[in-house]
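# Residue-level structure breakdown
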Amino acid sequence: MAEVRTRFAPSPTGFLHLGGARTALFNWALARKEKGKFILRIEDTDVARSTEEAVEVILDSLKWLGLYWDEGPYFQSKRLEIYRQYALLLQEKGLAYECFCTPEELEERRQKTMAQGENWRYDRKCWNLKEEEKEKLRQEGRKSVLRFYIPPGETTFIDMLRGEVHFQNEELDDFVIMKSDGMPTYNFACVVDDALMKISHVIRGDDHISNTPRQVLLYQALGFPLPQFAHIPMILGKDKTRLSKRHGSPSVTYYRDQGYLPEALFNYLARLSWASGEEEKEIFSREEIVERFSIENVTKHAAVFDLDKLNWMNSVYIRQADNKYLCSILEEILVRKGRIKPEEITSAHREYWEKVIDLMKERIKYLAQLEEEASYFFTEEVEFDPPAFEQVLGGEEVEEILKDCEEMLSQIEDFRAPILEEAVREMAEKRGVKAAKFIHPLRVAVSGKKVGPGLFELLEVLGKEKVIKRIQRAKNLIKEPRFPQNSGGE
RNA sequence: GCCCCCAUCGUCUAGCCUGGUAAGGACACCGCCCUUUCAAGGCGGCGGCAGCAGUUCAAAUCUGCUUGGGGGCGCCA
């Protein structure tokens, strides 16, 4: 059997979309599974919208996800001569013709036709223009495009997921293959490249189904062998419309920056529209996915992106991950959020952050949550949740409790969780009260929150100095007639 | 409007091709257990074959129609 060659061919007009990432993933997985090649091609024929930055972002995103390519990236903008040659070939064969209609004229005719309740297709106005007529139009300064002549009949192709798909050729109109700026259009460049690059499987979103008959006709006109086509379902938002900004950010970089692990996003994306069939198994390594992957068990219907499930999956990966690895991601987040400058980071910081991670990795869904919801680890001035402050530190005897805690904790030299716990419990027993009587106010005093990790572990990670300072500050704050922070709001 | 694709719990899906075991799992949700709070973990629960015909002894599985959803109809890709 011939070598399996798949490709991912994004156009660099923005970030890598989750849908694109999943398309890349399936192409990559099939190539790996079949010991073939995965090729990257940048479709930058839209001069106005393509940017170099976008190329960088897309490449970074692919690499971050571990979707490494074996060939490329090829840039269509560097292959213009090739497209011109094939365009000329079609023209010589009489399968493509010059069209001088301007976009404005076409729009006018389109409106007119539609107004009569008819479907617009290019009216072949420029089909069979005589050489003198063309020359005259050129003299007028008109630019021309090249249109592909659609023969009568029916076009059928086989989709690996759906079987035969038929289109009446009348539904297709003579589409443009070379633009007036000399650039090829998508359908044309795509076919020429896929053929020349010997792509064996074209795996793309099913929003391309209607392009496929046009491309098939092009393959036939150019005398190229047909690849296998597989149109994979789209990824939709909660409201079942195309996943877009309205659903939160659909970009791979957004999830990277929020502290999602690449292996988790990879796993989640792979499980959209695909399942191995094994029950109770949701967590798959890249290798496990490659081993099990096949186009045949990709579903045909669109999949809704479910952040809850991604969050769950990411939390599973976080719990299993190495602390140093997680720490390096946290570090980037802290820098990006302005908690610290890169040049200020010391090994002591890292040591501390690793402890924070060790303590918190079981209770977070993504790393940025630490900075957002457990800021008390990264700031000196603890912010108090108003309800926590009022309910837990509002009691009559709280000042006394905090005072006792401060005195007791000050005497402990070996500031470790088991020792701290023993001390607090002992103190509670001596007073004849439950340990919770001390635990809750202490937690709020040092973290500002009612919820969080185990108190004694928290105290150990924060360290004696911070703990004492925070208790003192809390004591002072409850003495004040009016709570000074969080003016306004809830 | 025209063309194309799709249809199993709220969501991701297994089962469908090769009709026949109480339609299974995961996320979410709800309870209980554990527990200093929150998580995690354990146990349990809720919840689905879009509808209507047809074929058949038997239909989630095969066929048709209806409905619903998605996509396309650019000198964008």
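What counts and what doesn't
- Residues numbered from 1 in each chain as written.
- Chains lettered and ligands numbered in written order.
- Predicted model: local features only at pLDDT ≥ 70, side-chain atom pairs only at ≥ 80, totals over all residues.
- Heavy atoms only, no water.
- Domains from an automatic or database assignment.
- Contact = heavy atoms within 4.5 Å.
- Buried area = accessible area lost by both parts, 1.4 Å probe.
- Salt bridge = Lys/Arg side-chain N within 4 Å of Asp/Glu carboxyl O.
- Polar contact = N/O pair within 3.5 Å; in protein donor to acceptor, adjacent residues only side chain to side chain.
- Helix = DSSP H or I, 4+ residues; strand = E, 2+ residues; numbered from the N terminus.
- Nonpolar A, V, L, I, M, F, W, Y, C, P; charged D, E, K, R; others polar.
- Buried < 20%, exposed > 50% of the residue type's maximum accessible area, 1.4 Å probe, protein only.
- Pairing = 2+ DSSP bridges.

### Observations regarding the domain arrangement of chain A
By domain assignment, chain A separates into domain 1 (5-78 + 235-307), domain 2 (80-232), domain 3 (321-373) and domain 4 (386-478). Of note, the centres of domain 1 and domain 2, computed from C-alpha atoms alone, are 28 Å apart. Contacts between the two partners involve 25 residues from domain 1, matched on the other side by 27 residues from domain 2. The contact between domain 1 and domain 2 buries some 2,100 Å² in all, and 57% of this surface belongs to carbon and sulfur atoms. If you look at where domain 1 meets domain 2, you find four salt bridges. Linking Asp194 and Arg7 is a salt bridge whose minimum nitrogen-to-oxygen distance equals 2.8 Å. At the boundary of domain 1 and domain 2, one finds 10 residue pairs in polar contact (both at pLDDT 80 or more). When residues of the side of domain 1 that touches domain 2 are traced back to their parent elements, those giving at least two are strand S1 (5-8), helix H1 (18-33) and strand S2 (37-42). Sort the elements by how many residues they give to the side of domain 1 that touches domain 2 and H1 lands first, with five residues. Of the residues in the side of domain 1 that touches domain 2, the class split is seven nonpolar, seven polar and 11 charged.

### Brief notes about helix H9 (residues 262-270)
Of all the nine residues making up H9, eight are buried; the element is thus mostly covered by neighbouring parts of the structure. Every buried residue of H9 is listed here: Pro262, Ala264, Leu265, Phe266, Asn267, Tyr268, Leu269 and Ala270.

### Comments concerning the pairing of strand S5 (residues 145-148)
Both faces of S5 are covered, namely the face carrying Val145 and Arg147 and the face carrying Leu146 and Phe148. Pairing geometry for strand S4 (residues 96-99) and S5, over four bridges, is antiparallel. If you follow Ala96 over to S5, its bridge partner there is Phe148.

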